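Residues per chain are reported as follows:
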Amino acid sequence: MKKLTKLELKWICYDIGNSAFILLVSTILPIYFNSLSSAAGVAESDYLSYWSYATSISTIIVALLGPILGTIADYKGRKKRVFLTSALLGALALACFWIPSYWFSFLVLYIAAKICYSLSLVFYDSMLVDITTEQNMDSVSSQGYAYGYIGSCIPFVISLVFVLLYDKLGITMHTAMMIAFLINAGWWIAFTLPLAKAYRQKHYIEPQRHVVVDTFSRLKKTLSSIRKERKVFLFLLSFFFFIDGVYTIIDLATAYGTSLGLDTTGLLLALLFTQIVAFPASLTFASLSKRYDTAKLIKICIAAYFLIALFAIQLDKLWEFWLLAGAVGCFQGGIQALSRSYYAKIIPENASGEYFGLFDICGKGASFLGLLVVGLVTQYTGHQNIGVAALTFMFIIGYVLFSKAAKLDND
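Numbering of residues starts from 1 in every chain and runs along the sequence as written. Side-chain atom pairs in this predicted model are given and counted only at pLDDT of 80 or more, local residue features only at pLDDT of at least 70, and totals for whole chains, interfaces and linings cover all residues. Remark: hydrogens and water are excluded; side-chain values derive from all non-hydrogen atoms of the structure.

A. Highlighting the overall build of the chain. A run of H or I in DSSP counts as a helix once it spans at least four residues, and a run of E counts as a strand once it spans at least two, with each numbered from the N terminus. A count of helical and extended segments in the chain gives 18 helices and zero strands. Residue burial in the chain is summarised as follows: out of 411 residues, 58% are buried. By the convention used here, residues are in contact when the closest approach between their heavy atoms is within 4.5 Å. Within the chain, residue pairs in contact and separated by at least 24 positions form 85% of the contacts whose partners lie at least 6 positions apart. For every accessible area listed, the method is Shrake-Rupley and the probe measures 1.4 Å; residues are considered covered only by the protein chains on display. Carbon and sulfur atoms make up 68% of the accessible area of the chain, which totals about 16,400 Å². The classification of residues rests on relative accessible area computed with a 1.4 Å probe and restricted to protein chains. Under 20% of the type maximum is buried, over 50% is exposed, and intermediate values are partly exposed.

Take a look at the structure:
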């Protein structure tokens, strides 16, 4: 594998930093929210639904703001500023998670942090066209996810020591959570600064006299013409469905296991296992991308996630959750990294922020659909397994649409 440049390494650093937040959100945070909601008398059956709805609200807001701020970021000298602002605000919100004592107040702060996190990724992903070459995009993107997975384990394990052993350490659970939040916020900031210092925007649009008017004019023009860009349009449409299912599984993993009554410690260790498996798996996809067609690798990942969601129908034991966690780890990094680099290759370089704003709508910004499906089906049927298994339809639709987009590569 080709040696990374200093700038590529610093870009990867942000994956290491922000991944600590998302690992926390996928593991410890739902358990902490469950304790707050239970203390307030919220029914156990409503816990998963409220968490799903809060995440949905944040992604809807990002879907609205992402394309607008992404378009603004394409102007010369703007991308670094909006990136750094969103990342630091997200880390600050994370550092304050221990303050709210009521479940609803906590959800409001969580929504704010999730919005800032997701917006920072719009700008971060769009930097890919500036920090590496088209030939190395698949490899660099995959290594970003790989080192993000393994790097995020460090603050997570430290946090886990305080959260699981707080009584033996002579501190309260609340103090343990405060320490965990501060550690992860500090980690996020520390790995943000190297990229913020080194990044230079190579591809950009010259600033206009009326920035706001021009921003909406550009965005309107892109939205009206994107259906004519058949390859980009079909990819975004397919991405909307298959990555929606992926992020829903990530967001609800711990909450799902908890609602099934599975052991909390076992769940957290299983999800740590996911991160560890994802490290070599992502590096493997980085290597495979040099030898095999990226589109074929993405289709393999989509098919694997279909089987993962199907397996959830009968999941009710801890060992099955571990098996599921390992399977997710094998394909999680590959499908995210290769989708990011595949898209970066087919969009205009000087409008990468604008296009990645649309990418985020069809990714994290659009994941409200999967979350709502799981929440509503779970409440209607009373079975969490059926709610998660409903995601299989998203992978089927995503696979079919992506296959059509990939065919255009050969036309």
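Here the narrative resumes.
B. Fine view of helix 2 (residues 28-39). To estimate the expected span of a helix, subtract one from its residue number and multiply by 1.5 Å. For helix 2, spanning twelve residues, the distance from its first C-alpha to its last is 17 Å, which sits close to the expected 16 Å at 1.5 Å a residue. For helix 2, the tally of buried residues reaches nine of twelve residues, placing the bulk of the element in the interior. Within the sequence span of helix 2, burial applies to Ile28, Leu29, Pro30, Ile31, Tyr32, Phe33, Asn34, Leu36 and Ser37. Taken from the residues just after helix 2, Gly41 is the one with a positive phi, measuring 85 degrees.

C. A look at the nonpolar core. Nonpolar core, defined: a set of buried Ala, Val, Leu, Ile, Met, Phe, Trp, Tyr and Cys residues in which side-chain atoms within 4.5 Å join the residues together. Trp11, Phe97, Phe235, Phe242, Tyr343, Phe395 and Phe402 are the most contacted members of the largest nonpolar core, which totals 111 residues. Leave out the neighbours within four places in its chain, and Phe235 touches Ser339, Tyr342, Tyr343, Ile346, Phe359, Phe402 and Ala405.

D. A look at the packing of helix 2 against helix 8 (residues 173-190). Running from N to C, helix 2 and helix 8 cross one another at 145 degrees; their axes reach a closest spacing of 12 Å. The handedness of the crossing between helix 2 and helix 8 is left-handed. Contact with helix 2, carried on its side by Ile28, Leu29 and Tyr32, involves His174, Met177 and Phe181 of helix 8 and no other residues of that element. Axes here mean lines fitted to C-alpha atoms, for a helix over just the part in contact, with angles spanning 0 to 180 degrees between N-to-C directions. Left-handed describes a crossing in which the near helix is turned anticlockwise from the far one by less than a right angle; the clockwise case is right-handed.

E. Up close: the environment of Ser126. Relative to the helices and strands, Ser126 resides in helix 5 (residues 103-126). Distance in space between the C-alpha atoms of Ser126 and Ser352 is 5.1 Å, their sequence separation being 226 residues. Residues in contact with Ser126, not counting those within four places in the same chain, are Lys79, Ser352, Gly353 and Phe356. At a separation of 3.2 Å, a polar atom in the side chain of Ser126 contacts the side chain of Lys79. Side-chain atoms alone can form a polar contact between residues adjacent in sequence; in general such a contact is a pair of N or O atoms within 3.5 Å, and within protein one must be able to donate a hydrogen while the other accepts it.

F. Broad picture of helix 15 (residues 352-361). The buried fraction of helix 15 is high, at nine of ten residues. Every buried residue belonging to helix 15 is among Ser352, Gly353, Glu354, Tyr355, Phe356, Gly357, Leu358, Phe359 and Asp360, and all of these are buried.

G. Focus on the packing of aromatic side chains. Here a Phe, Tyr or Trp ring, Trp counted by its six-membered ring, pairs with any other such ring whose centre lies within 6.5 Å, and the pair is stacked when the planes are under 30 degrees apart, edge-to-face when over 60, and tilted otherwise. Going through the model one piece at a time under the given rule, you end up with 35 aromatic pairs. Between Phe240 and Phe241, the aromatic rings sit 5.1 Å apart at their centres with planes inclined by 75 degrees, giving edge-to-face as the arrangement. Here the two residues Phe240 and Phe241 agree in accessibility, since each one is buried. Judged by centre distance (5.2 Å) and plane angle (85 degrees), the ring pair of Tyr343 and Phe356 falls under edge-to-face. Here Tyr343, found in helix 14 (residues 318-345), pairs with Phe356, found in helix 15; they are 13 residues apart in sequence, far enough to count as distant. Tyr343 sits in the buried class, given a relative accessible area of 0%. The buried category is assigned to Phe356, whose relative accessible area is 1%. Taken together through their ring pairs, the aromatic side chains of Tyr32, Phe33, Tyr50, Trp51, Phe97, Tyr102, Trp103, Phe104, Phe106, Tyr110 and Phe181 make up a single cluster.

H. Spotlight on the environment of Ile68. Its place among the elements puts Ile68 in helix 3 (residues 44-73). The spacing of Ile68 and Gly353 is 285 residues in sequence and 9.3 Å in space, taken between C-alpha atoms.

I. Just the pattern of salt bridges, in detail. Within this document, salt bridges are pairs made up of a side-chain nitrogen of Lys or Arg and a carboxyl oxygen of Asp or Glu, the two lying within 4 Å of each other. Summed over the entire model, instances satisfying the criterion amount to four salt bridges. Of the charged contacts in the structure, one is a salt bridge between Arg340 and Asp15, with a shortest N-O distance of 3.3 Å. Separated by 325 residues along the polypeptide, Arg340 in helix 14 and Asp15 in helix 1 (residues 6-26) bring together distant segments of the chain. By the burial criterion, Arg340 is buried, and Asp15 matches it. As a salt-bridge pair, Arg340 and Asp125 come within 3.0 Å of each other at their nearest N and O atoms. Within this pair, whereas Arg340 is found in helix 14, its partner Asp125 is found in helix 5, the two being separated by 215 residues in sequence.

J. Expanded view of a nonpolar patch on the surface. Exposure above 30% relative accessible area and the absence of a salt bridge qualify a residue for a patch, where like charges join within 9 Å and nonpolar side chains (Val, Leu, Ile, Met, Phe, Trp, Tyr) within 5 Å. On the surface, a nonpolar cluster with roughly 360 Å² of combined accessible area is contributed by Val157, Val161, Leu164, Leu165 and Leu169. Inspection of the secondary structure assignment puts Leu164 in helix 7 (residues 137-164).

K. Structural context of the environment of Gly375. Topologically, Gly375 is positioned in helix 16 (residues 368-381). Considered as a pair, Gly375 and Trp51 are 324 residues apart in the sequence and their alpha carbons are 9.0 Å apart. With residues up to four places along the chain from it excluded, the contact list for Gly375 reads Ser49 and Tyr53.

L. Quick look at the packing of helix 7 against helix 8. Here helix 7 crosses helix 8 at 165 degrees, and the two axes come no closer than 8 Å. Taken together, the axes of helix 7 and helix 8 are roughly antiparallel relative to one another. Seen along the crossing, helix 7 lies across helix 8 with a hand that is right-handed. Note on element contacts: helix 8 touches helix 7 through Met173, Ala176, Met177, Ile179, Ala180, Ile183, Asn184 and Trp187, opposite Gly151, Ile154, Pro155, Ile158, Ser159, Phe162 and Val163. Note on angle classes: values under 35 degrees are labelled roughly parallel, values over 145 roughly antiparallel, values of 65 to 115 roughly perpendicular, and the remainder oblique.

M. Representation of the side chain of Ser152. Within the secondary structure, Ser152 is located in helix 7. Given the relative accessible area of 0%, Ser152 is considered buried. Within the structure, the side chain of Ser152 is placed 3.1 Å from the side chain of Gln275, a separation counted as a polar contact. If we ignore the near neighbours within four places in the chain, the residues touching Ser152 are Ile16, Ser19, Ala20, Leu23, Tyr147 and Gln275.

As far as function goes, none of this settles anything; it's purely spatial.
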